[in-house]
Amino acid sequence: MKRLLIAVFAIVVAAGANAQLSERMARLDAKLNGVAVEAVGKSAPLIGITPTGSKGGSIGKQYVQAVMRAGGIPVVLAADTTAEYLQGVVSRLDGILLTGGEDVAPSYYGEDAVEQLGKVDTIRDVLELSVARLAANRNIPVLGICRGLQVMNIAFGGTLYQDLPSQYGGEVVHHRVSASERAVHGVAVCEPSKLHDILLVDSMMVNSSHHQAVKDVAKGARVAALSTDGVIEAIDFYPARRAMGVQWHPEGFKGKNALMNKLLEFFVSEARLYRHAKAVHSRVLSVDTHTDAPLDFEDGVELGLRCKNRVNVPKMQEGMLDAQFLAAYVGSDVKVKENGKTRRVARELNQATFNACHERVLQLIDATIKQAEKYSAVCGIARSEAEAAELKAAGKKAFFLGVENGIGIGTDLGRVKQLKQLGVKYITLCHTYDNQICHSSTHTSDASKGLTAFGKKLVAEMNREGILIDLSHASEGTFWDVIKRSKQPVFCSHSGARALCDNDRNITDEQLRALAKNGGVIQTVAYGGFLRKDGKATIDDFVRHIQHMVSVAGIDHVGIGTDFDGGGGIPGFQSDSDMINVTMRLIEMGYSDSDLAKILGGNFFRVMSEVEQGVR
């Protein structure tokens, strides 16, 4: 086994012409999926180790041995900074170890070099800064060691002391000739921090070999350890990113320090978790049932480019999300100026409003279809689960059409068939104000009231046409009216649990049980204000809502609908690229692969198929 592992280590991912990249990657995959898996089993994660120099991918053997002892398969990266190479390699890895070494050029954090700056390697700087950012985009676990910590901090906006003795001082001698297994100074482990969670100690002794250190901490990072003279010795990015860095050298202890072993084993376990999540996503058809991305098309956002918005194909690729609903949204309110102030009021419910809103919906649907056609090499419009599966098999992403707010239907039931023919799969009955269909959960005259006379006809028509009825934004009265009248399962495309956050947009436990009895599904929203009353929600709050709704409605009736580009987005789940982070959290909570398949898409697609086929 040891010989096989060493053979894997010898696979330095080589640089070369871009035309040969696919062939090289295929050869790498074959070796890693053959030799590596034979050596340590399918669960062993691939740990990319950055080279300690830009010439030939050189590396200290202690990093390799440390990864092997912790249960990972080391893969040494080449000093190739081309985007094609880096994206291709990083996408195949399960963890990244950023190694120690020379100084980082201060130009990367906006400073001129001081006289005491040591040797820099600009090729390595570009390589590691790029790898750190690519890993963050994909939620790949990262451990930075010494210089690696500094690279992580710079990659996300932090700065460094270029030379500790001259710029900081302090009584601790941080710069030793080499980082041996001998501990030379103490550090205090901060609480809360992921480091404290792992090691369960308040202080410890570490080795030391650095003359640079973190000065300004990167946005999103927190200090995890401090030396006795106040130098930052560790940072982490949890829960938003599975990344941490330490200023000392855990690999230098050569497996003889229990705390260092625990740290390295935790890192490899995170990579193993990521590998597991990737395997789940490769097998299931995942879907996010509510986003408002079409609203951004007029501002230059492109579905096929990695734009600033939260929803696009590159981010779906990073998060391994297969399908996405793009809603054609139109509001039930308008802005009105009175006495120099602006306020929002409900639209007048007349034919002119209905026609204008319907035209807007058609414009957004048309823009969405054109975007998918423009980037047909990487995505397509899907009208069924089978079509979405076909797109996935072809290596493409699927986009479904939805309509948020039925105000544009007016009182013309013929528009339901028109929307169906365009490919619309669901209609959200209302938005934040009452309309001609029903009462809303927000700004309503009476939340106990439900469907209008026309709304009752619309429910029957949507059942006949096989279009899903979406009860997000609906009042409780509307919910109960629809549950009573619909002959098909219904769903909530983006809502939360009111038991955890008392907001009128969320669903009570009684409603959850009724939704389950109806055979429907609730899609958990990632909007901070619907997850916590103070709005300061993170991914931990999001999965807590999932867990609560599963406990009440059952595993067959919960899914995910983010509301991205419509207000959704929380630390740890900011965009499509973070979908795999949710999967990792659910695995940690004990959900089985079959449970994950249901939450990630199976539950929703079951309901959609039943509605299409008119089972009831």
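Residues numbered from 1 in each chain as written. Predicted model: local features only at pLDDT ≥ 70, side-chain atom pairs only at ≥ 80, totals over all residues. Heavy atoms only, no water.

A.B. asks: So what's going on with the side chain of Asp236? Residues and values would help.
C.D. replies: Along the chain, Asp236 turns up in strand β10 (residues 232-236). Only 3.0 Å separates the side chain of Asp236 from the backbone nitrogen of Lys194, close enough to count as a polar contact. A polar side-chain atom of Asp236 sits 2.9 Å from a polar atom in the side chain of Arg222. (Helix = DSSP H or I, 4+ residues; strand = E, 2+ residues; numbered from the N terminus. Polar contact = N/O pair within 3.5 Å; in protein donor to acceptor, adjacent residues only side chain to side chain.)

A.B. asks: How would you sum up the packing of helix α15 (residues 476-485) against helix α16 (residues 509-518)? Please name residues and give values.
C.D. replies: At a closest axis distance of 11 Å, the pairing of α15 and α16 adopts a crossing angle of 20°. One finds that α15 runs roughly parallel with respect to α16. For the pair α15 and α16, the crossing hand works out as left-handed. Across the interface between the two elements, Glu476, Phe479, Trp480 and Ile483 from α15 touch Glu510, Gln511, Ala514, Leu515 and Asn518 from α16. In terms of residue class, the contact of α15 with α16 is built from 5 nonpolar, 2 polar and 2 charged. (Axes fitted to C-alpha atoms, helices over the stretch in contact; angles between N-to-C directions. Parallel < 35°, antiparallel > 145°, perpendicular 65-115°, else oblique. Left-handed = near helix turned anticlockwise from the far one by under 90°. Contact = heavy atoms within 4.5 Å. Nonpolar A, V, L, I, M, F, W, Y, C, P; charged D, E, K, R; others polar.)

A.B. asks: Which residues make up α16, and what values do they have?
C.D. replies: When α16 is considered as a whole, its buried residues turn out to be Gln511, Leu512, Ala514, Leu515, Ala516 and Asn518. The elements touched by buried residues of α16 are α15, β20 (491-495), β21 (521-524) and α18 (539-553). A positive phi of about 90° marks Gly519, the residue just after α16. (Buried < 20%, exposed > 50% of the residue type's maximum accessible area, 1.4 Å probe, protein only.)

A.B. asks: Which residues make up the packing of aromatic side chains, and what are the values?
C.D. replies: For any two aromatic rings, the description comes down to two numbers: the centre-to-centre distance and the angle of the planes. Summed over all chains, the structure comprises 14 aromatic pairs. Considering the side-chain rings of Tyr161 and Tyr168, the 5.3 Å spacing of their centres and the 65° angle between planes classify their relative orientation as edge-to-face. Of the residues examined, Tyr168 reaches a relative accessible area of 30% and is grouped as partly exposed. Here the aromatic residues Phe325, Phe400, Tyr426, Phe491, Phe604 and Phe605 are joined through ring pairs into a cluster of three or more. Positioned above the aromatic ring of Phe156, the side-chain terminus of Arg241 is 3.9 Å from the ring centre. (Phe/Tyr/Trp six-rings, centres within 6.5 Å; stacked < 30°, edge-to-face > 60°. Lys NZ or Arg CZ within 6 Å of the ring centre and 35° of its normal.)

A.B. asks: Summarise the sheet that holds strand β11 (residues 243-246); cite the residues concerned and give the values.
C.D. replies: Within the open sheet, the 9 strands sit side by side as β2-β1-β3-β4-β11-β10-β9-β6-β7. Their pairing is mixed. Looking at strand neighbours, the two that pair on one side only are β2 (73-76) and β7 (203-206), the edges of this open sheet. On average, each strand axis in the sheet is tilted by 20° relative to the strand beside it, whichever way the strands run. Across 3 bridges, strand β3 (residues 95-98) lies against strand β4 (residues 142-145) in parallel orientation. Bridge assignment links Ile96 to a residue of β4, and that residue is Val142. Across the sheet, helix α5 (residues 122-138) touches β3 and β4, and the angle it forms with β3 is around 150°. (Pairing = 2+ DSSP bridges.)

A.B. asks: So, the pattern of salt bridges: which residues are in play, and what are the values?
C.D. replies: Per the stated rule, a full pass over the model turns up 31 salt bridges. One salt bridge connects Glu111 with Lys215, and the closest N-O pair in it is separated by 3.0 Å. One end of the pair, Glu111, is in the loop between β3 and α5; the other, Lys215, is in the loop between β8 (213-214) and β9 (222-227), with 104 residues separating them in the sequence. Given the relative accessible area of 23%, Glu111 is considered partly exposed. (Salt bridge = Lys/Arg side-chain N within 4 Å of Asp/Glu carboxyl O.)

A.B. asks: Kindly report on unusual backbone geometry, identifying the contributing residues and their values.
C.D. replies: Note on backbone geometry: most residues besides glycine have negative phi, and most peptide bonds are trans. Across the junction of Glu191 and Pro192, the peptide omega takes the value 5°, indicating a cis bond. Mapped onto the elements, Pro192 comes out in the loop between β6 (185-189) and α8 (194-199). With an omega dihedral of 0°, the bond running from Tyr238 to Pro239 counts as a cis peptide bond. Relative to the helices and strands, Pro239 is located in the loop between β10 and β11. One non-glycine residue with positive phi stands out, namely His473, at about 80°. Accessibility expressed as a relative area gives 6% for His473, which makes it buried. Within the chain, Asp563 stands out as a residue other than glycine whose phi angle is a positive 70°. Within the secondary structure, Asp563 is located in the loop between β22 (558-560) and α19 (579-588).

A.B. asks: Help me get a handle on the environment of Gly520, residues and values and all.
C.D. replies: Among the secondary structure elements, Gly520 is positioned in the loop between α16 and β21. Put simply, Gly520 and Val490 are 30 residues apart on the chain and 4.9 Å apart in space, counted from C-alpha to C-alpha. Excluding residues within four positions of it along the chain, Gly520 makes contact with Pro489, Val490, Leu515, Asp556, His557, Arg606 and Val607.

A.B. asks: Give me the side chain of Asp322: which residues, what numbers.
C.D. replies: By secondary structure assignment, the location of Asp322 is in the loop between α10 (313-319) and β13 (323-329). Of the residues examined, Asp322 reaches a relative accessible area of 6% and is grouped as buried. Reaching out from Asp322, the side chain makes a polar contact with the backbone nitrogen of Ser286 at a distance of 2.9 Å. A distance of 3.0 Å separates a polar atom in the side chain of Asp322 from a polar atom in the side chain of Lys392. When residues no more than four places from it in sequence are discounted, the contact partners of Asp322 are His281, Val284, Leu285, Ser286, Met316, Lys392, Lys397 and Ala398.

A.B. asks: Describe the packing of helix α4 (residues 83-90) against α5, naming the residues involved and giving the relevant values.
C.D. replies: Their axes nearest at 10 Å, the elements α4 and α5 cross at an angle of 45°. Judged by the inter-axis angle, α4 sits oblique to α5. With respect to the hand of their crossing, α4 and α5 are arranged in right-handed fashion. Across from Leu86, Gln87 and Val90 in α4, the residues of α5 making contact are Leu127, Ser130, Val131, Leu134, Ala135 and Arg138. Residue composition of the contact of α4 with α5, grouped by class: 6 nonpolar, 2 polar and 1 charged.

A.B. asks: Would you mind going over the pairing of β20 in detail, with residue names and values included?
C.D. replies: Extensive coverage of β20 is indicated by the burial of 5 of its 5 residues. As a crossover connection, the stretch from β20 through α16 into β21 is right-handed. (Right-handed = clockwise from strand over helix to strand, strands pointing away.)

A.B. asks: Now, about the nonpolar core: what can you tell me, with residues and values included?
C.D. replies: Counting residues in each nonpolar core, the largest one holds 122 residues, and the members touching the most others are Leu419, Leu429, Leu471, Phe542, Ile546, Ile560 and Phe573. The biggest single contributor to this core is α18, with 8 residues. When near neighbours in sequence (up to four residues on either side) are disregarded, Phe542 contacts Thr524, Val525, Ala526, Leu531, Ile560, Ile570, Phe573 and Val582. One finds Ile59, Tyr63, Ile198 and Met244 within the second-largest nonpolar core, a separate group that totals 37 residues. (Core = buried A, V, L, I, M, F, W, Y, C linked by side-chain atoms within 4.5 Å.)

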